[in-house]
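A structural walkthrough
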Amino acid sequence: MNNKKAIIIGVLSLIGIIVFTFINPFAWNDASERSVVQQADGSQFVRYNSGVYYAGFFAKITTWPNQISVSYQDSVANMELNDGTIEIGKVNIRFGADATSAAVSGIVQYILPSVEEEMLAMHNAHKTPQSLVTKRLAPYTKECLQSSAQMMSSEMHYSGGRSTMAQDFGDQLKNGVFILKTSDKIVFDSLEGEKKKIYVTEPVVAKDGSIKRKVSSIKEYGISIADAAITDVDYEQRVDIMLGKKIDAATKASISKQELITAQQQALTAKAQGEKALVETEYKQKVQQTVEVVKAETQVKLAEQDKLKQKIAAEAAELQAKKTRIDADAEAYKNRQLVSSGLTSWDKADFEMKTKIGVAEALSKVQLPAYYAPGNIGNSNGILDALLSTKLLDSK
């Protein structure tokens, strides 16, 4: 009897475990997720907090990530939810100004609603993350990308418009897609060297200065943007060819400009060096001229000093000669007086001879100048001429 009772209890326990396993009213919510719970009576609620919670018997639970990342980086789409990310494949865009196309890569992180009513509305509209991405997030991402590309050309994008496009993309993701208008404009094509008509697409501006936008399809459910990035833009082949030509042309122009600058600098350097050499030559010539002038002036002054010395010496010799002649005249007068006082003819002849010898000896001792220019002194032929004549005769 006891064995039969134990068997019944065991069977009932097993049945209870099996039933509890399949109709367990308790559930677990992870910290990176939220759970939408639909109970047996049809009521719904959202579990945001992590941990165990009571869901109710026969409740249906749908797990959603707190954030869904829409990636558009691979060539092929993969709609499996992998670590909160769904790959939709690269997005093709067309630049509005020149009608060229490109394949864009990047990623957008969407934050799902934090308000229960909005979360339930989103869940009831899409049921699964894949449905939300396919029907709402992926189309919205593509629309924002294409709208951003419409406002520029591939050349504008390449020439510094990447940040502008990324900024416009993020702005439209957060606040709604721009309402655009298109107008034509004449521009100069630097590659072909001619004017062209292009079409410019710009946002429509309201009277208050704000940009007019479409109603955001994600704000309807309280979905917000955590982050958005454009990681790569792969232009079509003809754009690459065109950009290659423009890069080559710009490179050649830059090289030509640099060569011109170099040539101009070399010319300026050569001119400066020539002017420097000319100044140095003129300076050396002036120095040489100055030396020659000083030398000539020195020679003139020396000649003048030498001439002055000779003149002084001549005057001194002449004075000396005058003194000697006066002395000789005085001596002759004295002797004549002696003769007149009673000398014999023999004594007189001897006296005259001795007198002339004495005068000649005196004159021979006179120092004459090395250079002498004959001339007249007073009304006679000059005492110095007579002395020189006597001197020259004695030297012979």
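Okay, so let's go over this structure. (Residues numbered from 1 in each chain as written. Predicted model: local features only at pLDDT ≥ 70, side-chain atom pairs only at ≥ 80, totals over all residues. Heavy atoms only, no water.)

**What to know about the packing of aromatic side chains**
The criterion, for reference: Between the rings of Phe, Tyr and Trp (Trp by its six-membered ring), a pair exists once the centres lie within 6.5 Å; its type follows the angle of the planes, with under 30 degrees stacked, over 60 edge-to-face, and the other angles tilted. Elements are defined by DSSP. Helices are runs of H or I of four residues or more, strands are runs of E of two residues or more, and each kind is numbered from the N terminus.
Counted under the stated rule, the structure contains three aromatic pairs. Summarising the aromatic geometry, the rings of Phe-26 and Tyr-54 are spaced 5.5 Å apart at their centres and angled 75 degrees between planes, so their arrangement reads as edge-to-face. With Phe-26 in strand β1 (residues 26–29) and Tyr-54 in strand β4 (residues 51–54), this pair connects stretches of sequence that are 28 residues apart.

**A few points about the packing of helix α3 (residues 129–150) against helix α4 (residues 154–175)**
What counts, and what does not: Axis definition: a line fit to C-alpha positions, over the contact stretch in the case of helices; interaxial angles, taken between N-to-C directions, run 0 to 180 degrees. Any angle that falls under 35 degrees is termed roughly parallel, while one over 145 is termed roughly antiparallel, one within 65 to 115 roughly perpendicular, and all others oblique. In this scheme, a crossing is called left-handed if the near helix is turned counterclockwise away from the far one by less than a right angle; it is called right-handed if the turn is clockwise. Every residue pair with non-hydrogen atoms within 4.5 Å of one another is taken to be in contact.
Interaxial distance between α3 and α4 falls to 9 Å at its minimum, and their mutual angle equals 140 degrees. Relative to α4, α3 is oriented oblique. The crossing of α3 and α4 is right-handed. Residues Tyr-140, Thr-141, Cys-144, Leu-145, Ser-147, Ser-148 and Ala-149 of α3 pack against Met-165, Asp-168, Phe-169, Gln-172 and Leu-173 of α4.

**Observations concerning the nonpolar core**
In summary, soluble globular proteins display a tendency toward joint burial of nonpolar side chains. Note the following rule: Joining through side-chain atoms within 4.5 Å is the link that ties buried Ala, Val, Leu, Ile, Met, Phe, Trp, Tyr and Cys residues into a set, and such a set is a nonpolar core. Partly exposed describes any residue whose relative accessible area lies between the buried limit of under 20% and the exposed limit of over 50%, with all areas from a 1.4 Å probe on protein chains only and scaled to the type maximum.
Ile-93, Phe-95, Tyr-110 and Leu-137 are the most contacted members of the largest nonpolar core, which has 40 residues in total. When contributions to this core are tallied by element, the ones reaching two or more residues are β6 (67–71), β9 (91–94), β10 (101–111), α2 (116–126), α3, α4, β13 (224–235) and α5 (237–340). Broken down by element, the residue count for this core peaks at eight residues, all from α3.

**Description of the environment of Val-204**
For Val-204, the position within the fold is in the loop between β12 (194–203) and β13. In this structure the C-alpha to C-alpha distance between Val-204 and Lys-181, which are 23 residues apart in sequence, comes to 6.1 Å.

**Description of unusual backbone geometry**
Of note, the phi angle at Phe-58 is positive, near 60 degrees, even though the residue is not glycine. With respect to the helices, strands and loops of the structure, Phe-58 is situated in the loop between β4 and β5 (60–65).

**Brief notes about α3**
Quick reminder of the rule: One less than the residue count of a helix, multiplied by 1.5 Å, gives the span that helix is expected to have. The bend reported for a residue corresponds to the angle between axes fitted to the seven residues ending at that residue and the seven starting there.
An ideal rise of 1.5 Å per residue puts 32 Å on 22 residues; α3 measures up with 30 Å between its terminal C-alpha atoms. When the local axis directions of α3 are compared, the greatest deviation, roughly 35 degrees, occurs at Leu-137, which is followed within four positions by the proline Pro-139.

**Some words on the pattern of salt bridges**
The condition that has to hold: Whenever Lys or Arg places a side-chain nitrogen within 4 Å of a carboxyl oxygen from Asp or Glu, that contact is recorded as a salt bridge.
Taken as a whole, this structure holds four salt bridges when the rule is applied. Across the salt bridge formed by Arg-136 and Glu-220, the nearest N and O atoms sit 3.7 Å from each other. Residue Arg-136 is found in helix α3, and its partner Glu-220 is found in the loop between β12 and β13; the two are separated by 84 residues along the sequence. Classification of Glu-220 by relative accessible area gives exposed; the value is 54%. Arg-238 serves as the salt-bridge partner of Glu-236, at 2.9 Å between the closest nitrogen and oxygen. Its relative accessible area of 45% is what places Arg-238 among the partly exposed residues.

**Some words on the environment of Asn-49**
With respect to the helices and strands, the residue Asn-49 is situated in the loop between β3 (44–47) and β4. Owing to a relative accessible area of 53%, Asn-49 belongs among the exposed residues under this scheme. Considering only alpha carbons, one finds Asn-49 and Ala-31, 18 residues apart in sequence, at a separation of 6.8 Å.

Shape descriptors only; they carry no functional weight alone.
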